Amino acid sequence: MPRQSETSVPRSAGTASPYDVARWCAGNGWPVHPLAPGRKTPAANCPTCRDEPHRPQDCPCHSASRWCHGFHAATTNLALLDAWWGKHPTLGVGVSCGPAGLVVLDIDAHSAEVPDRNRLLPGIPIHESVNLAGLASGFDTLALLAALRNQQSPADDDSTLRVRTPSGGLHVWYRTPPEGPRYRSSVGSSPKVALAWQVDVRSTGGYIVTPATRTSAGTYSPVGAARLPAMLPDWLATELQRTGHPVNNGPAPVPPPGPGSPRPARQRANRLLETLLDQVKDCAAATEGTAFTEKLNRAAYTAGGLIASGHLTDSEARDLLTAAADAARPHRSRHSLAVITSALSAGASRPLHFKGRP
């Protein structure tokens with residue numbers, strides 16, 4: 001776990017190399033994995049992992065020092081960091097939040113249709129007397145939640161590491177006690193497990209882009225003086241508990257497939273995802289009022305569960321989801337990518353397994 005005496009991210013974040021940042025993270029006890037050069041998504045799998053579905057936990061690439069399966073390959077092993085970024089210095093850096101004991105609030109500032117007021121803060125009805133004029137982003141919903149609890153908005157918490165994203169959003173980093181509860185990742189568009197609309201939670205089953213990482217859209221830049229995560233505030237821990245984010249400390253056991261079962265299980269997985277992808281594509285019939293984001297989120301969350309159980313590869317899922325999203329909303333590719341990335345990470349914490357005959 002990170003300690004406040006440990007090395008902080010270089011203050012000249014714009015000039016820090018990915019290798020420097022990866023070593024800084026490892027020094028703080030945060031497992032890291034490579035991101036594709038110039039992007040915020042994990043580096044591609046090897047051809048075998050791309051073409052032959054299997055559980056990330058069973059992947060032989062990890063013992064062979066390869067980085068397949070995104071955050072599942074994250075490590076603090078300095079020899080691996082030397083090998084990965086020594087040979088590929090343009091790779092970005094992601095941190096696997098669960099093993100690092102981190103909870104990161106990913107506050108979005110994307111232009112999106114504002115949902116009904118009672119979906120802004122799941123589980124908290126907002127009376128009609130509350131004036132919501134001007135509410136437009138996750139900054140607003142998080143401020144509203146904090147105000148209801150008589151607390152400062154985490155977006156303004158200068159005691160902890162905050163990182164401005166190229167799209168104008170904000171990552172607010174917190175750490176949890178070593179023996180404390182662990183939390184699942186979620187996306188802010190979820191009607192069930194969400195902290196607030198347009199506020200994603202990155203923790204178990206998810207990753208976060210590090211400060212100083214550069215993409216084609218810009219650089220992830222620290223805000224304010226703090227360069228390390230503060231302890232998760234009690235009131236936020238209570239809100240995560242209320243919204244169903246706690247998970248068991250140990251991973252759920254995954255039963256091995258029985259003889260002859262992979263083929264029908266794969267077929268059932270394909271049918272399930274195809275149905276959800278068709279719902280996304282059907283949104284092309286109208287430019288609004290189709291719940292496009294919710295349907296894409298549902299499809300990507302399900303795909304994340306299928307990836308975690310070995311029924312689908314990450315690259316297959318991203319290709320299918322991106323194609324469906326682009327067919328329905330060809331001019332919203334950045335928004336779609338953000339939804340897909342977040343929901344895949346969240347869904348990975350809940351593997352989907354099929355029992356019995358199809």
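Report on the accompanying structure. Everything numeric here is computed off the predicted structure, so don't read it as measured data. (Residues numbered from 1 in each chain as written. Predicted model: local features only at pLDDT ≥ 70, side-chain atom pairs only at ≥ 80, totals over all residues. Heavy atoms only, no water.)

1. Considerations on the overall build of the protein
Each helix and strand counted, the protein has 10 helices and 13 strands in total. Out of the 358 residues in the protein, the part that is buried amounts to 51%. Here the contacts in the protein between residues at least 6 apart in sequence split such that 74% fall between residues at least 24 apart. By element, 52% of the accessible surface of the protein is carried by carbon and sulfur atoms, the whole surface being about 16,200 Å². (Helix = DSSP H or I, 4+ residues; strand = E, 2+ residues; numbered from the N terminus. Buried < 20%, exposed > 50% of the residue type's maximum accessible area, 1.4 Å probe, protein only. Contact = heavy atoms within 4.5 Å. Areas by Shrake-Rupley, 256 points an atom, 1.4 Å probe, with all protein chains shown as cover.)

2. Considering the sheet that holds strand β8 (residues 207-209)
Reading across from one edge, β1-β2-β8 is the order of the 3 strands in this open sheet, with antiparallel pairing throughout. Because the sheet does not close on itself, it has two edges, and the strands there are β1 (32-35) and β8. Ignoring which end each strand starts from, the neighbouring axes of this sheet average 35 degrees apart. Two strands pair when backbone bridges link them, and strand β2 (residues 92-96) and β8 are joined in this way by 3 bridges, in the antiparallel orientation. Pairing of V95 across the sheet is with I208, part of β8. Of the strands in this sheet, β1 and β2 are in contact with helix α1 (residues 18-27), which crosses β2 at around 15 degrees. (Pairing = 2+ DSSP bridges. Axes fitted to C-alpha atoms, helices over the stretch in contact; angles between N-to-C directions.)

3. Some points on the packing of aromatic side chains
This model, assessed by the stated rule, comprises 4 aromatic pairs. Between W30 and W173, the aromatic rings sit 5.5 Å apart at their centres with planes inclined by 45 degrees, giving tilted as the arrangement. With W30 in the loop between α1 and β1 and W173 in strand β5 (residues 170-175), this pair connects stretches of sequence that are 143 residues apart. For W30, a relative accessible area of 0% gives the class buried. (Phe/Tyr/Trp six-rings, centres within 6.5 Å; stacked < 30°, edge-to-face > 60°.)

4. Focus on the packing of helix α9 (residues 314-328) against helix α10 (residues 333-347)
α10 packs onto α9 with a crossing angle of 145 degrees between their chain directions and a minimal axis gap of 10 Å. In this structure, α9 crosses over α10, and the sense of that crossing is right-handed. Across the interface between the two elements, D314, A317, R318, L321, T322, A325 and D326 from α9 touch S333, S336, I340, T341 and L344 from α10. (Left-handed = near helix turned anticlockwise from the far one by under 90°.)

5. Some remarks on the pairing of β2
The element β2 is largely enclosed, with a buried count of 5 among its 5 residues. Alternating residues of β2 divide into G92, G94 and S96 and V93 and V95, and every residue in both groups is buried. In this sheet, β2 lies alongside β1 in antiparallel orientation, the contact comprising 4 bridges. For V32, the partnering residue across the bridge sits in β2 and is V95.

6. Re unusual backbone geometry
Although it is not a glycine, H69 sits at a positive phi angle of roughly 75 degrees. Of note, H69 is situated in the loop between α2 (47-51) and α3 (78-87). Judged by its relative accessible area of 11%, H69 falls in the buried class. Of note in the backbone geometry, A291 takes a positive phi value of approximately 60 degrees without being a glycine. On the basis of relative accessible area, A291 is assigned to the partly exposed category, the value being 39%.

7. Brief notes about the pairing of strand β3 (residues 102-107)
Most of β3 is tucked away, with 6 of its 6 residues classed as buried. Burial along β3 is two-sided: L102, V104 and D106 facing one way and V103, L105 and I107 facing the other are all buried. Pairing analysis gives 6 bridges linking β3 to β5, with the strands arranged antiparallel. The partner of D106 across the bridge, within β5, is H171. Where β3 lies against strand β7 (residues 199-202), 4 bridges are found, and the strand directions are antiparallel. From the neighbouring strand, L105 faces β7, where its bridge partner is V201.

8. Description of the side chain of R329
In this fold, R329 is placed in the loop between α9 and α10. Buried within the structure, R329 lacks any salt-bridge partner; its nearest side chain of opposite charge belongs to E113, at an N-O separation of 7.5 Å. In terms of polar contacts, R329 uses its side chain to reach the backbone carbonyl oxygen of A286, at 3.0 Å. Excluding residues within four positions of it along the chain, R329 makes contact with C283, A284, A286, T287, E288, T290 and F292. (Lys, Arg positive; Asp, Glu negative; His and termini not counted. Salt bridge = Lys/Arg side-chain N within 4 Å of Asp/Glu carboxyl O. Polar contact = N/O pair within 3.5 Å; in protein donor to acceptor, adjacent residues only side chain to side chain.)

9. Examining the nonpolar core
One broad rule of soluble globular proteins: the nonpolar side chains tend to lie buried together. Ranked by size, the top nonpolar core spans 34 residues in total, and within it W30, V32, W85, V95, L102 and W173 carry the most contacts. Every element with two or more residues in this core is listed here: α1, β1, α3, β2, α4 (97-100), β3 and β8. A total of 5 residues in this core trace back to one element, the largest contributor, which is α1. (Core = buried A, V, L, I, M, F, W, Y, C linked by side-chain atoms within 4.5 Å.)

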